[in-house]
Amino acid sequence: MEQLTELGFVQALQDFWGQVESVLNTGFLGQPIGRGVLAIIILMVAFFARGLIAKIIVATIGKMAGETETDFDDKLVDALKAPISLLPVAAGIFFAAQAMGAEGDVDTFFISLTQSVIIFAIFWALYRLVKPLLQLAGRVQQVLGDTFIGWVTRILQGVIVFIGGAAILNVWGIPVIPFLASLSLLSVAVALGAQDLFKNLIAGMTIIAEQRLAKGDWVFVDGVVEGTVEDVGFRSTTVRRFDKAPVYVPNAKLADNPLVNFSRMTHRRIYWKIGLEYRTDSETLNKIRGAIADYIEKTDDFAPASDVSTFVHVDEFGDSAVNLMVYCFTKTTTWGEWLAIKEQLAFFIKKTVEEHEASFAFPSRSLYFEKLPDGFAPETFSPPGDDDEEGEDDNDVPSKNRSKSVKGSARGGGRSTTGPQPKGRAVDGDGGDKGTEAGGGEEGE
């Protein structure tokens, strides 16, 4: 033992134990290790128990809210559920600091941290309460629209975030007013370079104030976009085209250009011009027109003539047809339903025309030849079995060298002759667009 003492081994052990005691007494932020471990345990319990505690609190409040007839208080409880879960964490930080016996700067740190968590929980709750609180203004929402309420929600939430952030900075001793003053100087430089941003912001406010569009509306801006509105932002509006591709349109484009909002149609129009052959007599035309007019008047799918303009009349004499105009409106504005109604009307018109033994016309042209030079008449069609060998007239061209077309021209005295023509194309001998046969005109006087 004396030898170990002479070597200094005992003194070394005493010094080492002194270091252990120092660590145990001041090793955790100047406090004993035992208190530090206890503080950590308290924090862990508070963190893991926050969900259970919040659930108990929300269940208690929700039970009272469930007894009411409105669902407004239920939405408030759902909005407060997440912020309430932070209160156990704040309490755990406070009790951990007390158990550790923190002093000086350490105590100040834990106090600031506890206050920051409480402030964050309060402003988070206010942030989440904005939407259900604005839903109370039901009449205001109906008058101003969902888009305006959405903008007000974003603005209020932005203000809450700004004030909450300033309150937390103040807790940590960071001055806010000098920071805002520096931002005011910076904002001048930013405003000069962000003119388009402010232009689109003002345009967005104009769109909302005028209620040009709302979420879900089908809009069309010539040369810009056509589709369904998904969101009206501060700078741009998101419009999803019918091919499902999103288009982000600057608000200025929607404010400066003519905008068609198809979703606000009261009725949807059908406008047709139906061409009937010129051979159709006046009585048949009148019967077809009357049948179509009666169908539109008696079918519930169409808006009555007292509400909208409705016309079924012979409109004009076209190049190839007598045009019958059908101008009416459907009650529905849904595209699919409108297509189905228009299809049924098309079937009825076709059936009516066929029942009256009339025909639809299509572009055609009748040609008239006053006189053709000898030998240039078109070749006629001769059905099989006809006698093609007829006597030849004297002519400058020898008979053996003349073609059948020349022979036909000679027999016709220089007139063009007609062969069989297909029916229903306004060129046959029974009457057509011009009421004459193709090639059947008289000679020049």
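Residues numbered from 1 in each chain as written. Predicted model: local features only at pLDDT ≥ 70, side-chain atom pairs only at ≥ 80, totals over all residues. Heavy atoms only, no water.

Under an unreviewed UniProt entry, the chain has the name Mechanosensitive ion channel family protein and belongs to Henriciella marina. Taken from UniProt, the Subcellular location (unreviewed entry) comment for the chain reads in full: "Cell membrane". Checking UniProt for the chain, the heading Sequence similarities (unreviewed entry) contains the comment "Belongs to the MscS (TC 1.A.23) family." (UniProt positions renumbered as here; feature names shortened; annotations may be inferred.)

1. Examining the overall build of the chain
The helix and strand tally for the chain stands at 13 helices and eight strands. Counting only residues that meet the buried cut, the chain has 29% of its 445 residues in that class. Here the analysis covers contacts within the chain between residues at least 6 apart in sequence; of these, 65% occur between residues at least 24 apart. When the accessible area of the chain is evaluated, it comes to approximately 28,800 Å², of which 59% is carbon and sulfur surface. (Helix = DSSP H or I, 4+ residues; strand = E, 2+ residues; numbered from the N terminus. Buried < 20%, exposed > 50% of the residue type's maximum accessible area, 1.4 Å probe, protein only. Contact = heavy atoms within 4.5 Å. Areas by Shrake-Rupley, 256 points an atom, 1.4 Å probe, with all protein chains shown as cover.)

2. Focus: the pairing of strand 7 (residues 311-317)
Here six bridges tie strand 7 to strand 8 (residues 322-330), and the two strands are oriented antiparallel to one another. Within strand 8, the residue paired with E316 across the bridge is N323. The hairpin turn running from strand 7 into strand 8, its antiparallel successor, is four residues long. (Pairing = 2+ DSSP bridges.)

3. Quick notes on the packing of helix 11 (residues 282-298) against helix 12 (residues 335-355)
Following both chains from N to C, one finds helix 11 and helix 12 inclined at 150 degrees, their axes separated by 10 Å at the closest point. Viewed along their axes, helix 11 and helix 12 adopt a mutual orientation that is roughly antiparallel. For the crossing formed where helix 11 meets helix 12, the hand is right-handed. For the pair helix 11 and helix 12, contact is made by I288, A291, I292, Y295 and I296 and by Q344, L345, F348, I349, T352 and V353, respectively. Across the contact of helix 11 with helix 12, the residue classes tally to nine nonpolar, two polar and no charged. (Axes fitted to C-alpha atoms, helices over the stretch in contact; angles between N-to-C directions. Parallel < 35°, antiparallel > 145°, perpendicular 65-115°, else oblique. Left-handed = near helix turned anticlockwise from the far one by under 90°. Nonpolar A, V, L, I, M, F, W, Y, C, P; charged D, E, K, R; others polar.)

4. Considerations on the environment of P246
Note that P246 resides in strand 4 (residues 246-250). Leaving out residues up to four positions away in the same chain, P246 has contacts with T238, V239 and R240.

5. Things to note about the pattern of salt bridges
Overall, the coordinates contain 10 salt bridges when judged by the stated rule. As a salt-bridge pair, R154 and D231 come within 2.7 Å of each other at their nearest N and O atoms. Here D231 lies in strand 2 (residues 225-232) and R154 lies in helix 7 (residues 138-171), a separation of 77 residues in the sequence. Note on R154: relative accessible area 31%, which makes it partly exposed. The exposure class assigned to D231 is partly exposed, which follows from its relative accessible area of 31%. One network of salt bridges, in which partners are shared, links K273, D315 and E316. (Salt bridge = Lys/Arg side-chain N within 4 Å of Asp/Glu carboxyl O.)

6. Digging into the environment of V221
Here V221 shows up in strand 1 (residues 218-221). If sequence neighbours within four positions are ignored, V221 has contacts with K253, L254, N257, P258 and L259.

7. Quick look at the sheet that holds strand 2
Strand order across the open sheet formed by five strands is 4-3-2-1-5, with antiparallel pairing between neighbours. Sheet topology places strand 4 and strand 5 (259-261) at the edges, where each strand pairs with a single neighbour. On average, each strand axis in the sheet is tilted by 40 degrees relative to the strand beside it, whichever way the strands run. By the bridge criterion, three bridges tie strand 1 to strand 5 in an arrangement that is antiparallel. Across the sheet, F220 pairs through a bridge with V260, a residue of strand 5.

8. Description of a nonpolar patch on the surface
Judged by side-chain polarity, I155, V159, F162, I163 and F234 come together as a nonpolar surface patch covering roughly 430 Å² of accessible area. Positionally, F234 belongs in the loop between strand 2 and strand 3 (236-240). Owing to a relative accessible area of 34%, F234 belongs among the partly exposed residues under this scheme. (Patch = residues over 30% accessible without salt bridge, like charges linked within 9 Å, V, L, I, M, F, W, Y side chains within 5 Å.)

9. Some words on the nonpolar core
I292, I296, V326 and L345 are the most contacted members of the largest nonpolar core, which has 19 residues in total. Taken together, the elements giving at least two residues each to this core come down to strand 6 (268-276), helix 11, strand 8 and helix 12. It is helix 12 that contributes the most residues to this core, five residues altogether. With residues near it in sequence (within four places) discarded, L345 still touches I270, W272, Y295, I296, F302, V326 and C328. (Core = buried A, V, L, I, M, F, W, Y, C linked by side-chain atoms within 4.5 Å.)

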